[in-house]
Amino acid sequence: MSEESLNILAEETSATTVQPAEKSAGDVVLLHEGDAVQVINDDQMYNEKDVVPFINKLKDDEYHVISIFGSQSSGKSTLLNHLFDTKFQTMNEQIKRGQTTKGIWMSSRKVTLSKKNLLIMDVEGSDGVEKSDDKDFERKACLFALSSSEVLIINVWEHQIGLYQGNNMELLKIVFEVNLQLFHGSQNEHKVLLLFIIRDHIGMTPLKSLKETMCNELDKMWEQIKKPLDLQDSKFTDFFDLEFKGFSHYFLQNDKFLEDCVALRNEFDSESIFNSNKYKLNKTLPLDGWELYSQNCWNVISSSEQLDLPTQQILVAKFKTKEISDGILQNYKSIAMVAYGTKDFNFKNLAEDMTKHLNKFDEQGGRYTESVYLEEKISLLNSMQELNYNALSQLLDEEIHENIILKNLQIKLQDKKIIKEVPSFMERSISIKNDLISEYNGDWVSLLELNVINSDNNEKLIQSFTSHINKVLELENKKESLKIKKKINKDLFKRLNEYLEVVVSKPDTLFWDGLKEFYRKTVSSLLKPFGSFETGYEFPLNFNETEHKDFIIKLASSNQKTLNKAISELTSVQKLALILEEQYKNIFLIDPENQTPRFFENMTISEMETLDTKCKNECESWLQLFAKGLDYSAFNYHLYSEDFVADFANESSNEDESDYEEFLDGDSLIKYGILSDLKKTKVLQEFNKKIQLINLQTKRTILQSRANTKIPPYIYALLFFLGYSKIIYVLKNPLWILTLLILGSSWIFVHRSGQYKFVFMIVQKWIDMVKQIIISKLREFLDETNNSDIKKPSSESYELDNLSKKNSNE
Ligand SMILES: Nc1nc2c(ncn2[C@@H]2O[C@H](COP(=O)(O)OP(=O)(O)OP(=O)(O)O)[C@@H](O)[C@H]2O)c(=O)[nH]1
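Keep in mind the model is a prediction, meaning the values are calculated, not measured.

Novice: Where do I start with the pattern of salt bridges in this structure?
Specialist: A side chain with one charge can pair with a side chain of the opposite charge if their charged atoms come near. Tallying each qualifying case throughout the model produces 21 salt bridges. With a shortest N-O distance of 3.4 Å, Arg 109 and Asp 85 are connected by a salt bridge. Separated by 24 residues along the polypeptide, Arg 109 in strand E4 (residues 104-111) and Asp 85 in the loop between helix H3 (76-84) and E4 bring together distant segments of the chain. Accessibility expressed as a relative area gives 12% for Arg 109, which makes it buried. Between Asp 550 and Lys 554 there is a salt bridge; the shortest N-O distance is 3.4 Å.

This is the structure in structure tokens:
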């Protein structure tokens, strides 16, 4: 035994899942190059605790997995340690013979040149005293090794080749059976390299003949094992590639043994041994997914379930790509959130960020099964777009309300220029709405192109925008409908007022009929721009059929309320008293036949009193007629279609009717009559007071006309006499002469300029004025002298006195 060989003998280490064990202060096992970890522990459990840090420590992603299989104490660990510089525990026969490798161990070798990792698994061997009965674990371990390895090294002693009863053959049978179980559905896609290392190959029997013997044995075995129907004609080489290597005796030819190791190591390092693309575990399963994959596989194997490798790989791919995608999305979210918060953030930059993150996903997730990776990529993109959409819609929600819709829409709807171009509110609102939507749509086209949002998001944005517009339009439409209604009622009210003012000035017995006729004509003319009773009405509003009907019902009802309001304005005691007074005056003071004022001077007092009674009765009858009122709910028949003739009294107005609240009292006017008896009495009292004055004045006129005697001639003579003395006085006064001279020269001027007419007119006016002054003075004088004749001892004269006094007081 050479010195080097002796050095190789490792000391038996204590029971640990890491070889060689080196613990740090914090009880964390430190791993060094070549250290081994136990993947499946002594209790046949997956050792996640050690495998995860072991895998995470391997920096480069590319890897190959190699497993060694062979009977117990067949020098597996020794071989691996020499081949790959690993530190698997080996048996020290000077201390104890027996099993050293329990469960499944794993170590790694870094190939510096290609920067690839070789993951090497040392699988517990059988055939020893300890494991002879445990075929179950051997099978499971084999399944595990095959499920995750590209190369399976089978360690065989040269002297056992050709001995079918040897333990190796049993082992190979398991490998074949397990492989069928795992890969029978995908024999063309997946292959495992069976690398037979013939140990203690002295060289007496050439490797070629050993290989032939082995292949024959394998053929025989393949025939013997139970195969699925579709694989009855298959060969084991359909599933495996075979390679044979003879290794010299470890003790007797150690130098040569070491050379054999170096040669094979080179084949691994240069990857020439992995010449087939079929060993493609690492192609579909990146190193960071290996731990999860192997753990899942072991869980399935140990629970004795059917292990379906493609499903496991898909599961891992799904899990891992999701994990990667979540990380990337989180990162994007943090960047995007900052971007959304900045004012006027640029979508182009956001799109660039998205691309960067998607590229990162390509880099990391693209190593997994393509279909899974592509699916996850779409999902990641959707998530980013959803994030953008949410931020965008939140941003727009406020903007839509405050800026785009409310301002834009309201401004445009009320824009005088636009109103002039499109007077119909309905057409105007539709056109503005379409313009805004297409403008809005245009804004998102660029975002769609940049992939910042997807078409679903875009659709949702447009929908939300449209629904916002519709809400505002609905409101504006309502306002517009109120405007139309108010305008009609305002005009109606004005015209009714004008009409009533005229019509109540006389006690017309057909008052209500006339009012009904006028109302119908007026409403009909006001509704003319919107249609007629015959054709139906169409208002320029965005109403559906029900809303339209509802609007017309309300309009009809509001017209009646307007009528009610106009009538109500007449019903105060003062107003009615004035109306009656006016009516009385119009029939008492004016002759209805020729519409001239009555000439009371020729009437006797009793004639006047008869007339007074007649007029009073007429006025009172009118009041009775008015007070009864009329149920004018039928006024709207043949104005609006019967469907729309709402029952005015029952129509309960709730919204937008505040304008009418003030005359809701009007409802009762119809139900209980316009005036109560008490109110009527008050009106009549007031009316009688007012007409008493007129009566008294009329009587006075009659009496005055009687006393109005003609002026006697002696008065004129007296006047002439008084005037003569004044003329003499003027002639004697130089100032008056001067005045006469001025007048004379003025006359010459007038004579020459021919302005007689003008002077005549002035003189005429002057004379009239003087005449009037003289007559009024004379009347005053006569009044005083005749006063005693007028005074007679009667009740009427008493009232007259009083009233004269009252008048003078007033
Ligand atoms: N004859 C011979 N003995 C060897 C060779 N390689 C190793 N041994 C010896 O075989 C014994 C078992 O070696 P291990 O490497 O521990 O064998 P193993 O297969 O890993 O053992 P287990 O893990 O317990 O199954 C040790 O005493 C080694 O010195 C070899 O090539 N030829």
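Okay, back to it.
Novice: What's the story with helix H11 (residues 347-365) in this structure? I'm lost.
Specialist: Spacing of three or four residues puts side chains on the same side of an α-helix, whose turn is 3.6 residues. The end-to-end C-alpha separation of H11 is 26 Å, in line with the 27 Å expected for 19 residues at 1.5 Å each. Those residues of H11 not exposed but buried are Phe 347, Leu 350, Ala 351, Asp 353, Met 354, His 357, Leu 358, Phe 361 and Gly 365. When H11 is viewed along its axis, its buried side chains cluster within an angular range of 160° and face the same direction. In this structure, H11 carries Lys 348, Lys 356 and Glu 363 as exposed residues pointing more than 90 degrees from its buried face.

Novice: Help me understand the side chain of Asn 41, please; the structure alone is not making it clear to me.
Specialist: Its place among the elements puts Asn 41 in the loop between strand E2 (36-40) and helix H2 (48-57). For Asn 41, a relative accessible area of 18% translates into the label buried. A polar atom in the side chain of Asn 41 sits 2.8 Å from the backbone nitrogen of Met 45.

Novice: So what exactly am I meant to see when it comes to the packing of aromatic side chains here?
Specialist: Each aromatic ring pair is characterised by the separation of its centres together with the angle its planes make. Across all of its chains, the model carries 27 aromatic pairs by this definition. Geometrically, the ring pair formed by Phe 196 and Phe 244 is stacked, given 5.0 Å between the ring centres and 10° between the ring planes. Residue Phe 196 is located in strand E7 (residues 192-199), and its partner Phe 244 is located in strand E8 (residues 240-246); the two are separated by 48 residues in the primary sequence. Owing to a relative accessible area of 0%, Phe 196 belongs among the buried residues under this scheme. The rings of Phe 530, Tyr 537, Phe 539, Phe 543, Phe 551 and Tyr 640 are connected pair by pair, giving a single aromatic cluster. Just above the ring of Phe 493 sits the side chain of Lys 565; from NZ or CZ to the centre is 4.5 Å.

Novice: It is not clear to me how the nonpolar core should be interpreted in this structure. Could you clarify?
Specialist: Side chains that are nonpolar tend, in soluble globular proteins, to be buried together. If you look at the biggest cluster of nonpolar residues, it comprises 163 residues, and the most contacted ones within it are Phe 176, Trp 290, Phe 539 and Phe 626. Ranked by residue count, the leading element in this core is helix H15 (residues 455-503), at 14 residues.

Novice: Looking at this structure, how should I read helix H24 (residues 734-753)?
Specialist: Compared with an ideal rise of 1.5 Å per residue, which puts 20 residues at 28 Å, H24 spans 28 Å between its outermost C-alpha atoms and is within 8% of the ideal. Following H24 by one or two positions, Gly 754 adopts a phi angle in the positive range, close to 75°.

Novice: Got a minute to help me understand a nonpolar patch on the surface in this structure?
Specialist: The grouping of Phe 758, Val 759, Met 761, Ile 762, Val 763, Trp 766, Ile 767, Met 769, Val 770, Ile 773 and Ile 774 at the surface amounts to a nonpolar patch, some 980 Å² of accessible area in total. With respect to the helices, strands and loops of the structure, Ile 762 is situated in helix H25 (residues 756-790).

Cut-off values and rules
Residues numbered from 1 in each chain as written. Predicted model: local features only at pLDDT ≥ 70, side-chain atom pairs only at ≥ 80, totals over all residues. Heavy atoms only, no water. Salt bridge = Lys/Arg side-chain N within 4 Å of Asp/Glu carboxyl O. Helix = DSSP H or I, 4+ residues; strand = E, 2+ residues; numbered from the N terminus. Buried < 20%, exposed > 50% of the residue type's maximum accessible area, 1.4 Å probe, protein only. Expected span 1.5 Å × (residues − 1). Arc of directions from axis to C-beta. Polar contact = N/O pair within 3.5 Å; in protein donor to acceptor, adjacent residues only side chain to side chain. Phe/Tyr/Trp six-rings, centres within 6.5 Å; stacked < 30°, edge-to-face > 60°. Lys NZ or Arg CZ within 6 Å of the ring centre and 35° of its normal. Core = buried A, V, L, I, M, F, W, Y, C linked by side-chain atoms within 4.5 Å. Patch = residues over 30% accessible without salt bridge, like charges linked within 9 Å, V, L, I, M, F, W, Y side chains within 5 Å. Areas by Shrake-Rupley, 256 points an atom, 1.4 Å probe, with all protein chains shown as cover.

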